[in-house]
Structures are given as C-alpha cells and as structure tokens.
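Take a look at the letters that make up each chain.
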Amino acid sequence: MRREGKTKLRIPAAKPAAPDRLNVWTCMKCGFQIVCIDIHEGCTPFALDCKADGCDGTAYSHFYHVAGMDFGAPQWEWYTPQFAEYINLSTPERDHVYCGGLLLRRRVREYAAA
Ligand SMILES: [Zn+2]
C-alpha cells in the first residue's frame, strides 16, 4: 500500500439523527427482519446481507415505512465511525463513509422510546 505522509484524511462529523429513524430490512430468502435505527444522519443501503445465522440471502429496505409493523426494539444501529475506526476500514468502506454513508453495528445501548 502506498503511503503519503502529507495526505490528510477527513471524514464527515457525526451528527445525531432524529430519534424516529427506524427501518427494517427483510430477507427475501428466510424472512428474517433486520431492525435498525439510525443514530447519526447519513445514507443507508437499499440491500444488506442477511444477518440470520446460516442464511446467505439478501435483505431489502422498507425505506423507513415501518409504522404499524411489529418488529420489537432495534438490534442494529447505523452510525458514523470515529476517526480511529475510519482509518482501519477498507477502501470501499472509507469511500462509503466519506460520501456520507453510515456503518452498521450491533446496537450498543437500549433503544429508549422518546
Ligand atoms: Zn435470510
């Protein structure tokens, strides 16, 4: 990998998202629902790899049209990484974040309904 010592890495600052940014991705193969909340403002993908054990299906976004759906509390969250994490990402992941994309991780704190 080529290193350029003078190159400055810049990433978008994390901005808190509105508290109601809930969305669900449903797997077309097994029906598993990936229930997510955005904790920062940014873009999320249309399709995701299914998170169910042993499933290699693809889950598709409900585009935040989840009112009335019974899916329980979100188990995953979309976030803007801090710099220390950003510098360890793959190049495609960095590009995604640099363009305003969010990353997905297991929810680290309980969802508190406002
Ligand atoms: Zn699946």
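The structure contained in this document is the topic of the report that follows. (Residues numbered from 1 in each chain as written. Predicted model: local features only at pLDDT ≥ 70, side-chain atom pairs only at ≥ 80, totals over all residues.)

From N to C terminus, the chain includes two helices and six strands. Going from the N terminus to the C terminus, the chain shows its helices and strands as β-β-β-β-β-α-α-β. In the chain, the proportion of contacts linking residues at least 24 apart, taken out of those at least 6 apart, comes to 68%. (Helix = DSSP H or I, 4+ residues; strand = E, 2+ residues; numbered from the N terminus. Contact = placed C-beta atoms within 7 Å.)

Taken as a class, soluble globular proteins show a tendency for nonpolar side chains to be buried jointly. In terms of nonpolar packing, the biggest core is built from 10 residues, these being Trp25, Cys27, Ile34, Val35, Cys36, Ile39, Cys50, Ala59, Trp78 and Leu102. Elements with a minimum of two residues in this core: β1 (22-27) and β2 (33-38). At three residues, β2 tops the list of elements feeding residues into this core. Ignoring sequence-local partners within four residues, the contact set of Cys27 consists of Phe32, Cys50, Ala52, Cys55, Gly57, Thr58 and Ala59. (Core = buried A, V, L, I, M, F, W, Y, C linked by C-beta atoms within 7 Å. Buried ≥ 20, exposed ≤ 12 C-beta atoms within 10 Å, placed from the backbone.)

Another aspect to go through is unusual backbone geometry. Notably, Phe63 is not glycine yet its phi reads approximately 55°, a positive angle. Inspection of the secondary structure puts Phe63 in the loop between β4 (58-61) and β5 (76-79). Not every positive phi belongs to a glycine, and Tyr64 is a case in point at roughly 70°. One can find Tyr64 in the loop between β4 and β5. Tyr64 sits in the partly exposed class, given 13 other C-beta atoms within 10 Å.

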